[in-house]
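# Summary of structural features
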Amino acid sequence: MAFAIEKNAVSGWLERLLQLGEVIAPTRTPSGDVLFSNIRSAAEVTWDLPNPLHPPKEFVLPQTDPIVQIKRNGKQHEVEAIHDGRRRFLVNTRSCDVKGIAFLTRMHEMEPADASYLRRSNNLTLISVACTTPCPLGFCICTDSGPFLSSSYDAQLTDLGQSYLVEVGSAKGEATVAEGQGLFRKATETEVSQRRELEEKARQSFGDQTCHFASAMRRISTGRVQDPLWQKMSDWCLECGGCNVVCPTCYCFSVKDLGRDGSWIRCRLRDSCQYAAFTLEASGHNPRAQRKYRMKRRFFHKVSAQYYSRDGAVGCVGCGRCVQVCLGATHMPAVVSAIRKGNWHE
Amino acid sequence: MNDVFLPDIARLADLCDETPDTRTFRLRFRDLGKGKDFHFLPGQFIELSVFGYGEAPFCIASSPTRPEALEMTVRRTGQLTDALHKLGEGDEVGVRGPFGNGFNVEAARGKDLLFVAGGIGLPPLRSLIWNVLDERSRFGQVTVLYGARTPADLVYKRELEEWAKRSDVEFHVTVDSAQPGWTGSVGVVPSLFKKVALHPETSLAYVCGPPIMIKIAVQDLVGLGFKEENIISTLERMMQCGIGKCNHCAIGHHYVCRDGPVFNCGQIKELVD
Amino acid sequence: MLAVPTACPFCSCGCGFHLLVGEGQLFGVAASQTHPVSGGQLCARGWSGHEAALWGDRLREPRLRRNGKQESVSWDEALAHVALRLKELVAAGKPVGVLGSSRATNEENYLAGKFARAGLATNNVGFSYYPICAPLLAGMEEVCGTPQPTLRLSEIASSQVILLVEGNLAETHPRAAGSVLKAVENGAHLITIGCRETQMARVASLQVQTTPGSEGEVMTELSDMIADLGRRAPSATVEKAAGIQSLETGDRTEALRQAAEWIVRAERAAFLIPPTCGQEDRQRNAAAAIVALAANSGHLDKPGSGILPLLARCNAKGACDMAVVHDRLPGYDRLDDAQSRQRLEDLWGKKLPSARGWDAETLLKSVSGLVIVADDPPSVMPKGQQATTALEKIEFLVVLDAFATPTARMAQALLPIASFAETEGTFTNAEARVQRLRPATTPPGEARPGWQVLADFCARFDAAATYRSASDVLREIGRAVPQYAGIQEQLSGDGWGGALLQCSRGRNPQTQVRATRTTDAESLTSTERPYLLVRDSGFDWGNDPFVSFSPTLSRDYRSQRRTFPHGFVEMAQDDADAIGLRGGRQVKLISVHGQAVVPIQVRRDLQRGLLFVPYAFRDHVSGVLGPDSIAAVRVESA
């Protein structure tokens, strides 16, 4: 069932959502960057901004995530899980990020299901805008995560000019549309066709922007990427871990207790498999002491058939953020290409 | 969904120094109901919280046949274990678990069991050894071969004496370098193989210890006719969550905290990162 | 969620990022695509830039040492006591001094210097990192009159030739290393000169392996060849030379000739110079030779080309500009520069002391009273243990810091100040870009902005002006330091920008300069002592509080220190094999200065004949190294 909403009615809808919870959207900072932030009024939402470099996973998996409160009273301790059940609406996000959050949710739903994460994701409504123009560095078409989605969103908007088509993908999406009572109407046949045409056009316009996952997946999964190639590539990696920070599907973490006024807050901290210390054991032994093995690990986790069959999706949503953020030259498209060709920079 | 990071509170009930840097901690859950509900398999581990520092994984060194004596044997290697060693009886720690696959005790019934341990590798096996000894009639021959660098580095010294005295256990101990007063064997643990009659076809071998010892022991056992799938060991990896989510312990798409830490040698060969 | 734009507090690349704050507490970092240096990227340290301030052992209240313990007191009491004790010492004719820091802000360093000169009437001013970088700056000054950079970081990526003397750029300045990789990806020729096969060396067109201290020789050779090229037509083809150059004269000469051609033909050439290892005069010569090479090849001042000294810490350059240095004045002018003296005396309304102060290392051993701003000298200075011993003997030690460092724990008066995340202030990066810090949260407990505390000191010593904000201090800096004229106005907007200083003041390039030939380190060796023990020229990041207090960044260092409580030296695999040693084995190192027993680590990226001691472990072999950073040694199994 598809709905439509006139563009000039959207701010009314957002104002209603602001009554119900936090509304998060890309906004421009004084420095000129675009960041997902909480908005206080519908007027703050600008619809034609580039996708922020920093993904919205921040709102389900904060970089520093308080999970347990530990209070001390003499020798005795009381522990309590920290709950964040705030209702949040993520507005003007994109297909790649919707798939990213869906991926993270699947990871944290796997037995044993992580209540800390799920409390946040269960209360987060994803209102995405389908991409009618591919972004310069994206390759979502290769990872089945865009430019338009057929699932995983709560509500998917398509810009039809004067109005948005609104596809509802879940009960949360339905409820969100219901909140905008009177602002939505049933979409017309023409509007639905228009949306299909826009998707087709968008898919066609990717052109050369492809990332040969299938071939890389085969080679990685069967151990056919030679050590010397990983070695060579690893010379072009500066171990910044930026890829892990901005990747919508990365979720590795560490756990540490933060002291606060005589008690502690146990926090989950974002971590990176690219750091040498990620696998460093207390004994000093490190199974991935060499950077080439850490690189190999990253791409195995993202692109292998073994993980694909475990997770039901490849660990990449083609958003292109790693291409921007890589301090060296070893982002996903570059590595996948090198694996396919069997050489680096030749 | 669960609050998977929320620990239960336990108190240190007994502390026993095994070596200058290794101590056995006995734990008792503050909530007795939780204590009764804590069922585990030998070979499983817990995530132990030292409040203010964080958590670390430690194998359960006691047997499920003795639930009142939940024990871990911990060596001082870093910030957290340093802090743990500073705690005393009655002090509180946090416990999450049990985690991991544990040893397959059922599969060992009726079999001859060979335990090969070196240094701090004995604690994980001790859990299974006492499980077996507490149900002695259900298992075949029990052979325990143990060694450490020096006599001072041997853990569970009193229990070793007990095992040596038992007629239903064949027990041999060795050290790499002797000290005055040492009357036992001198040499690496695998050098004890020649002292015992082994029956590879009816046996399961459990090997735990420093990597080099495991390597030689496994080599020797295979040479003596043991099949790789009948030689069982435990893998160690840096761990944080213990539940397969933080990714620190991943080897390929396997997670040592969930698919392990117990693996047989055939499986270990297949584990490719 | 709040996103506060600020400058990175780690190395001198001067990246920028947003500190993310929620409910008044730091929780993360977001990179900025619009930042002129970092452009959406950061290194591992930058990505964890929020951690130390959040997780660190923070100083929260002023403390005075009484009966051996540091006891909590009020600010009023602490400040009054500090002033009283320092005045007593001065009145008694006992020497006092002030140390600024390469991680303090310009405002803090400027006021520290003003306090010393106008308040305490002494030129006993310094900062711990200066002994490391001074020879580099001296060498540059020798050749072109000023140690200022002539290359911008953003120009590296579009260079056609890059000459890199290292170090390990990927470790010390990852942002710069990223730009080097970009340039090489686009076809640039990278020439690395150093003792080890580093990551940059592996992607280089030409890797020249030298013995420590002989970098100057290579530069001079190159300079000669460039002069030669000027006298004849360049060769028709420029081949790409791959791999390590052996020290056989023939191959090397040919390779250097090729490098000379690349340099001459390039429109845009970058010369990247960190402080090198080796004796002071050798370091100075190496720096002079590199600058001379740049000058001789026409790249010193050409747009798109130039030299970039790569000091380790975020505000080392600023510390030099603010002249927390014993024989310089703000602007890095000479102490006896009449114009500078006049300018400052007019501004400060005080006569400046004219006698040179003690250099930082001597200062520690000689003063009775010392104020240290945001630093831990034993972890930075070459002779770390000596610094600790000296600090312990100081009668009245005052420490201002955000973090509980070992030095802080020694203080008689401990004053808690804000970290970079909680204060206004500026840093000046390696390319002379001045950037603003913006406070993302309030300092913990009773900690105050450092500039405020130092302004208070100045006031109590009759050397203050009225500063209502850090901006007021910056405005005064604009009047005191010629290169910073108008800086406060330039930085008052909302954006990144920062302000690039014009660095031509004092430039007086002398071309055709030849570096003086000094004794090659190799000549120190003999059959009796055939190895060279070299102290790494790097910076001990593991002991820097921004790393040591970051849970994510400190893991490697903690583990290393735990596994090697007595440090280690690195030995080449081939050498270890030849002697029959395995990694972890103890060796005895014997030099003319002394001996030490230390374990070895075996490395494949080291030349034969060299033993490297990481900077973090230098104190374990200080007896062997003696006064220098290189010594010839005999190696025996221990």
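Here the structure is a predicted model, which means the values were calculated and not measured.

This paragraph deals with the overall build of chain A. Summing up its helical and strand segments, chain A has 12 helices and 12 strands in all. Over its C-alpha trace chain A gives a radius of gyration of 22 Å, about what one expects of a compact globule, namely 20 Å for 346 residues. Overall, chain A is about 65 × 65 × 40 Å in size when its C-alpha atoms are taken along their principal axes. Across the 346 residues in chain A, those meeting the buried criterion constitute 53%. Look at the contacts in chain A between residues 6 or more apart in sequence, and 71% of them connect residues 24 or more apart.

A few words on the nonpolar core. Counting residues in hydrophobic clusters, the biggest one holds 354 residues, and the most contacted among them are A:Val166, C:Phe115, C:Ile162, C:Val180, C:Ile290, C:Val291 and C:Leu533. For this core, the element with the most residues is helix H11 (residues 280-296) of chain C, which contributes 10 residues. C:Ile162 has contacts with C:Ile156, C:Val180, C:Ala183, C:Ala188, C:Leu190, C:Ile191, C:Ala270 and C:Leu272, leaving out every residue within four places of it along the chain. Counting residues in hydrophobic clusters, the runner-up holds 42 residues, among them B:Leu113, B:Cys208, B:Met213 and B:Leu221.

Turning our attention to the interface of chain A and chain C. Contact residues are listed per partner, giving 36 residues for chain A and 35 residues for chain C. Looking at the side of chain A that touches chain C, the elements with two or more residues in it are strand E3 (34-39), helix H8 (242-246), strand E11 (253-260) and helix H11 (321-325) of chain A. Considered class by class, the residues forming the side of chain A that touches chain C number 17 nonpolar, 14 polar and five charged.

The next subject is the sheet that holds strand E5 (residues 70-75) of chain B. All names here are of chain B. Taken together, the six strands give an open sheet; going across it, the order is E4-E3-E6-E1-E2-E5, and neighbouring strands pair in antiparallel fashion. Edge positions in the open sheet fall to strand E4 (54-59) and E5, since each of these has one partner strand only. Put simply, the sheet's adjacent strands are angled 40° from each other on average, direction ignored. The pairing of strand E1 (residues 8-19) with strand E6 (residues 92-99) spans four bridges and is classified as antiparallel. Bridge assignment links Arg 11 to a residue of E6, and that residue is Glu 92.

Residue and element names in this part refer to chain C. Domain annotation for chain C reports domain 1 (2-53), domain 2 (58-129 + 314-493), domain 3 (133-309) and domain 4 (525-637). Put simply, the middle of domain 3 and the middle of domain 4, counted by C-alpha atoms, are 27 Å apart. Residue composition of the side of domain 3 that touches domain 4, grouped by class: five nonpolar, nine polar and two charged.

In this section: the pairing of E3(A). Sheet analysis places strand E2 (residues 22-28) of chain A next to E3(A), joined by six bridges and oriented antiparallel. Each residue of the ladder has a partner; that of A:Ile24, found in E3(A), is A:Asn38.

Moving on: the sheet that holds strand E20 (residues 433-437) of chain C. In space, the three strands of this open sheet follow the order E19-E20-E21 (chain C), with antiparallel pairing throughout. Single-partner strands in this sheet number two, and they are strand E19 (425-428) and strand E21 (499-500) of chain C.

All names here are of chain C. Given a rise of 1.5 Å per residue, 17 residues ought to cover 24 Å, and the 24 Å separating the end C-alpha atoms of helix H3 (residues 75-91) matches this to within 8%. Considered for burial, the residues of H3 that qualify are Ala 78, Val 82 and Leu 86. Across the axial projection of H3, the buried residues extend over an arc of 55°, all falling on one side. Exposed side of H3, more than 90 degrees from the buried face: Asp 76, Glu 77, Leu 84 and Ala 91 are the residues found there. Structurally, H3 contributes buried residues whose contacts are with strand E4 (63-66), strand E6 (96-100), strand E16 (369-373), strand E17 (396-401) and strand E18 (413-416). Positive backbone phi, at 75°, marks Gly 93, one or two positions downstream of H3.

All names here are of chain A. Under the domain assignment used here, chain A contains domain 1 (2-63 + 83-204) and domain 2 (213-252 + 273-341). Each of domain 1 and domain 2 has a C-alpha centre, and the two are 28 Å apart. If you look at the interface, domain 1 gives 24 residues, while domain 2 gives 19 residues. Looking at the side of domain 1 that touches domain 2, its residues break down into 13 nonpolar, seven polar and four charged.

The next subject is unusual backbone geometry. A:Gly146 connects to A:Pro147 through a cis peptide bond whose omega is 0°. Mapped onto the fold, A:Pro147 is located in the loop between strand E7 (124-129) and strand E8 (155-159). Along the chain, B:Gly260 connects to B:Pro261 via a cis peptide bond; the corresponding omega equals 5°. Among the structural elements, B:Pro261 can be located in the loop between strand E14 (254-255) and strand E15 (262-264). Positive phi is not limited to glycine here, since A:Asp261 has a value of about 50°. Tracing the sequence through the fold places A:Asp261 in the loop between E11 and strand E12 (263-270).

Calculation criteria
- Residues numbered from 1 in each chain as written.
- Chains lettered and ligands numbered in written order.
- Predicted model: local features only at pLDDT ≥ 70, side-chain atom pairs only at ≥ 80, totals over all residues.
- Helix = DSSP H or I, 4+ residues; strand = E, 2+ residues; numbered from the N terminus.
- Rg over C-alpha atoms; globule rule 2.2 N^0.38 Å.
- Buried ≥ 20, exposed ≤ 12 C-beta atoms within 10 Å, placed from the backbone.
- Contact = placed C-beta atoms within 7 Å.
- Core = buried A, V, L, I, M, F, W, Y, C linked by C-beta atoms within 7 Å.
- Nonpolar A, V, L, I, M, F, W, Y, C, P; charged D, E, K, R; others polar.
- Pairing = 2+ DSSP bridges.
- Axes fitted to C-alpha atoms, helices over the stretch in contact; angles between N-to-C directions.
- Domains from an automatic or database assignment.
- Expected span 1.5 Å × (residues − 1).
- Arc of directions from axis to C-beta.

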